[in-house]
Amino acid sequence: MAKQDFNCAHRLRVRWAEVDMQKVVFNGHYFTYIDTAIADYWRAIGLPYPQGYVDRYANDMFLRKASVEYLGSARYEDALCVHCRVSKLGRSSMTFLFEIWREAPEPSSAPLIAAELVYVNAEPSTMKSAALPEELRSRVRAYERKAPTEA
């Protein structure tokens, strides 16, 4: 996906504690980077999590699926950028796409990571799926540079 298709970008620097014995970022840390970018996304659309979403709609988002392709490796002190966007809005689900790019010491010519996470909106006490609020859909549509597909 083209970088310009992403509106949300979270920047970070790889810390020593995130590097494994192979001197590259341990694979599980990429999900932490992604989670931080999602928090930025919620703030960007004006619904900071949890109070902006959970408290407002009395629903919550639960992770249903996570897939990642490891295309390269980040190292200690690399400056990274996590690009995040919503690519699909279902009846009760949201599909997020992510790419993580190295910015320094040398910018990467391709993403280091490509990932997809699918979240389902549900009523917390019953864990039953619930339709995405129309206000959320409107905020996502207004924020995204490339319109999400809708089911």
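Here, the structure is the one placed above.
Residues numbered from 1 in each chain as written. Predicted model: local features only at pLDDT ≥ 70, side-chain atom pairs only at ≥ 80, totals over all residues. Heavy atoms only, no water.

Caption draft 1: Expanded view of the overall build of the protein. Along the backbone of the protein there are 3 helices and 7 strands. Secondary structure elements of the protein occur, N-terminal to C-terminal, as β-α-α-β-β-β-β-β-α-β. By the compact-globule yardstick of 15 Å for 151 residues, the protein fits well, its C-alpha radius of gyration being 16 Å. In terms of principal-axis extent, the alpha carbons of the protein reach across some 45 × 30 × 25 Å. The proportion of buried residues among the 151 residues of the protein is 47%. Taking the intrachain contacts of the protein between residues at least 6 apart in sequence as the baseline, contacts between residues at least 24 apart amount to 69%. Working note: accessible area of the protein is about 8000 Å², and carbon and sulfur atoms make up 52% of it. Counting 20 positive and 19 negative side-chain charges, the protein places the centres of these two groups 3 Å from one another. (Helix = DSSP H or I, 4+ residues; strand = E, 2+ residues; numbered from the N terminus. Rg over C-alpha atoms; globule rule 2.2 N^0.38 Å. Buried < 20%, exposed > 50% of the residue type's maximum accessible area, 1.4 Å probe, protein only. Contact = heavy atoms within 4.5 Å. Areas by Shrake-Rupley, 256 points an atom, 1.4 Å probe, with all protein chains shown as cover. Lys, Arg positive; Asp, Glu negative; His and termini not counted. Charge placed at Lys NZ, Arg CZ, Asp CG, Glu CD.)

Caption draft 2: A look at the nonpolar core. Core analysis: the largest hydrophobic core is formed by 37 residues, its most contacted members being Y33, Y41, W42, Y53, M94, F98 and L136. Those elements giving two or more residues to this core turn out to be β1 (8-13), α1 (29-44), α2 (51-57), β3 (79-89), β4 (93-104), β5 (113-123) and α3 (134-143). Per element, the largest residue contribution to this core is 7 residues, and it comes from α1. (Core = buried A, V, L, I, M, F, W, Y, C linked by side-chain atoms within 4.5 Å.)

Caption draft 3: Examining α3 more closely. Of the positions making up α3, those classed as buried are L136, R137, V140 and Y143. End-on view of α3: buried residues confined to an arc of 135°, all on one side of the axis. (Arc of directions from axis to C-beta.)

Caption draft 4: Region of the structure containing the environment of P50. Looking at the secondary structure, you find P50 in the loop between α1 and α2. For P50, a relative accessible area of 40% puts it in the partly exposed group.

Caption draft 5: Spatial organisation of the pattern of salt bridges. Following the criterion strictly, the structure yields 11 salt bridges and no others. With a closest N to O distance of 3.0 Å, R139 and E135 form a salt bridge. Residue R139 and its partner E135 are both found in helix α3; the two are separated by 4 residues, about one turn of the helix. R139 gets classed as partly exposed once you look at its relative accessible area, which sits at 24%. Residue classification places E135 among the partly exposed positions, given a relative accessible area of 31%. With a closest N to O distance of 2.7 Å, R141 and E150 form a salt bridge. The partly exposed category is assigned to R141, whose relative accessible area is 34%. In the salt-bridge network here, residues are joined through shared partners; they are E134, R137, R141 and E150. (Salt bridge = Lys/Arg side-chain N within 4 Å of Asp/Glu carboxyl O.)

Caption draft 6: Spatial organisation of the packing of aromatic side chains. For the structure on display, the rule yields 10 aromatic pairs. Ring centres 5.8 Å apart and planes at 85° place the aromatic pair Y30 and Y33 in the edge-to-face group. Here Y33 and Y30 lie together in helix α1, a separation of 3 residues that amounts to about one turn. Y33 carries the same exposure label as Y30, and that label is buried. Ring centres of W42 and Y49 lie 6.4 Å apart, and the angle between their planes is 40°; on these two criteria the pair is classed as tilted. Look at W42 and you get buried, because its relative accessible area is 5%. Assessed through its relative accessible area of 37%, Y49 is described here as partly exposed. (Phe/Tyr/Trp six-rings, centres within 6.5 Å; stacked < 30°, edge-to-face > 60°.)

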